[in-house]
Amino acid sequence: MHEDGDIPRGLFMQGYAIIGAAGVAAYIHPFAMMSDWVFFSFHNKQEQEDGRGMAIEAQGLEIRIGARVLLSPTDFHVSKGDRIGLVGRNGAGKTTLTRVITGDMLPSDGKVRVSGKLGYLPQSTHVADPHQTAIDRVMSARDIASIITRIRKSEQDMTNPDPDIMEKAMRRYDKAQQDFENAGGYSAQSEAIKMGESLGLDQEVLNRELGTLSGGQRRRIELARILFSDADTMILDEPTNHLDADSIEWLKQYLKRFEGGFLVISHSTELLDETVNKVWHLDAQRGAIDMYALGWKAYLRQRVVDEERRRREREVAEKKADRLMKQGIRLHAKATKAVAAQNMMRRAERLLENTEDAQRAEKVADLRFPEPAPCGRTPIMAKDISKAFGSNIVFAGINLAIDKGSRVVILGYNGAGKTTTLRLLAGIDKPDTGEVEFGHGAKIGYFAQEHDTLDNNVSVLENLQQVAPNLDDTQARSILGSFLFSGDDAMKPTSVLSGGEKTRLALATLVTSRANVLLLDEPTNNLDPASRDEILKAISKYEGAIVLVTHDEGAVLALNPERVLLMPDGDEDLWNDGYLELVAEE
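Quick look at the structure, then. Owing to the predicted nature of the structure, the values given are computational and were not obtained by experimental measurement.

1. Some details on the packing of aromatic side chains
Given two aromatic rings, their pairing is described by the distance between the two centres and the angle made by the two planes.
Then, number 1: Counted according to the given criterion, the structure contains 8 aromatic pairs.
Then, number 2: Measuring from centroid to centroid gives 5.0 Å for Phe180 and Tyr186, while their planes differ by 85°, and the two rings are edge-to-face.
Then, number 3: When its relative accessible area of 5% is taken as the criterion, Phe180 is described as buried.
Then, number 4: Taken together, the aromatic side chains of Trp250, Tyr254 and Phe258 make up a single cluster linked through ring pairs.
Then, number 5: Over the aromatic face of Phe228 sits the side chain of Arg142, whose NZ or CZ is 3.8 Å from the ring centroid.
Then, number 6: The ring of Phe485 carries the charged tip of Arg504 above its face, separated from the ring centre by 4.9 Å.

So, in structure tokens, the structure goes:
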């Protein structure tokens, strides 16, 4: 369990240590469930004074999911100046490890101790209060959060028709504004706005309510919030998701300048190459962390050397063990040599036990799309559709025909309505004006970037059975096995899956659909390189229609699109490679 250090009794009782999704302070036992919380702090006064303390320290940490060992008992620490890249294949347990460190999950054994303020960007971000403005969300990461809450409550009460309530609210508002100014709130607000703009969030977006923003915009808000929080140490799970090229470049420079420690999970090798000075490889086969005090490229070279060393050591040990076993068998035939024979056999067994297994090739998910069912000439027709959230008009007057087998990519900046368009085409949401018509035999498969199509309250197996009730357990498990959910993994609660695992499960649900139109929203997010390659092959081979939203140039090349829809204007054009440079930039 986490150790609390020397938390002052008053602060412990008042709940200073953890700040939740709504920005309201509340001390909770470190291993209470806290999936929406993003940063907290534990303090050991003596260690902070002499500067010798480690920000994160784990002792004997063990993590099991069912019968599977994700991490054998391990010690590690993260100190100031450590810039660590945590890598490993999808499903190895990287996200699970970060959740244990932050107290979101219990370990099977061992303990984690956190000192100072820890900022945590989880892979999945959810809106705590859809009516909170984006700028207030970012600023709630600092100690002025309670003052902002007082200001907003006063503003609300000032519109009350009761004159007494209004007058009291005005006095409270003046006092809160004064406290805000004294606490450096205006300079902090300027800093938050500048940080938001660096991540592609202009002031118009920052002043909007969270519920009106796209998934990509909300993800950027959460990243800005963690960077703004003045955390001593950060844990960032896939921070480049939904970022354009300029924002990724800004993030790289920010992390290079960051004086504290951080641990980052990322499938962006460019980010790892430019920012980390240590690499931790979580080996799914051994349930162990290989720790390298090296930069990214030096780590890649050293890992090849280490794998070759393990192979040679295993080879030598197997030959010695084989000779000992044969000698033991021969001696065992003589009654007078039975004890010596047993000793030789035990030596052979110990030789193999003390030598690490040779690295087996990592399993790769068999990512494939369904054989499309027959359909008419135009499965989807959108006529003059528009969508607004409150006073914010996302787009208007969009017309789009998705013909049988057509391949369309949608481009546009974050918040331009790309995801909204897919949701309208999928029939999940309704347009404010116009209509979406489905042609004869249309079967739609929708992959949501936030995995909204999955039910987090049921298991992996139950999710598949919900969309394909005709499958028996054996058939369903066979499909899940091809997506690397075998044995006990099929019974995992969906809520504990990493982003990469949720991506695989969502793709597995599409296999049974026989969809003839696939609407894919950032399908390569959270995937390791091998799994990404598999999905690119699946996109290129699929014979039905695909409408794709992505920041991944490789996905667009695999699609080989015929047309491009430019949002929010809704202009349609024939594809040419000149549009490719817009993919990562928008």
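The rest of the description comes next.
2. A word on the packing of helix α15 (residues 460-467) against helix α16 (residues 473-482)
Then, number 1: Viewed as axis vectors pointing N to C, α15 and α16 meet at an angle of 110°, and their least axial separation amounts to 10 Å. Put simply, α15 runs roughly perpendicular to α16. Handedness of the crossing formed by α15 with α16: right-handed. On α16, the residues that touch Val460, Leu461, Leu464 and Gln465 of α15 are Asp473, Ala476, Arg477, Ile479 and Leu480.
Then, number 2: When the residues that make up the contact of α15 with α16 are grouped by side-chain class, the tally is 6 nonpolar, 1 polar and 2 charged.

3. Notes on the nonpolar core
Then, number 1: Core analysis: the biggest nonpolar cluster contains 49 residues, and Met139, Ile221, Leu227, Phe228, Met234, Tyr254 and Leu255 have the highest contact counts within it.
Then, number 2: Of the residues forming this core, the biggest block, 6 residues, is contributed by helix α9 (residues 215-228).
Then, number 3: Dropping the residues within four chain positions of it, Ile221 is found in contact with Ala134, Arg137, Val138, Leu201, Leu206, Leu210 and Leu213.

4. Points about the pattern of salt bridges
Then, number 1: The full count for this structure, using the stated rule, is 36 salt bridges.
Then, number 2: A salt bridge links Glu274 to Lys252; the shortest N-O distance between them is 3.3 Å. Of this pair, Glu274 sits in helix α11 (residues 269-275) while Lys252 is found in helix α10 (residues 245-257), placing the two residues 22 residues apart along the sequence.
Then, number 3: In this structure, Glu534 and Lys537 form a salt bridge, with 3.5 Å as the shortest nitrogen-oxygen distance. Here Lys537 and Glu534 lie together in helix α18 (residues 529-541), a separation of 3 residues that amounts to about one turn.
Then, number 4: Several salt bridges share partner residues, and in doing so they unite Asp283, Arg286, Asp290, Arg303 and Glu307 into one network.

Scoring rules and cut-offs
- Residues numbered from 1 in each chain as written.
- Predicted model: local features only at pLDDT ≥ 70, side-chain atom pairs only at ≥ 80, totals over all residues.
- Heavy atoms only, no water.
- Phe/Tyr/Trp six-rings, centres within 6.5 Å; stacked < 30°, edge-to-face > 60°.
- Buried < 20%, exposed > 50% of the residue type's maximum accessible area, 1.4 Å probe, protein only.
- Lys NZ or Arg CZ within 6 Å of the ring centre and 35° of its normal.
- Axes fitted to C-alpha atoms, helices over the stretch in contact; angles between N-to-C directions.
- Helix = DSSP H or I, 4+ residues; strand = E, 2+ residues; numbered from the N terminus.
- Parallel < 35°, antiparallel > 145°, perpendicular 65-115°, else oblique.
- Left-handed = near helix turned anticlockwise from the far one by under 90°.
- Contact = heavy atoms within 4.5 Å.
- Nonpolar A, V, L, I, M, F, W, Y, C, P; charged D, E, K, R; others polar.
- Core = buried A, V, L, I, M, F, W, Y, C linked by side-chain atoms within 4.5 Å.
- Salt bridge = Lys/Arg side-chain N within 4 Å of Asp/Glu carboxyl O.

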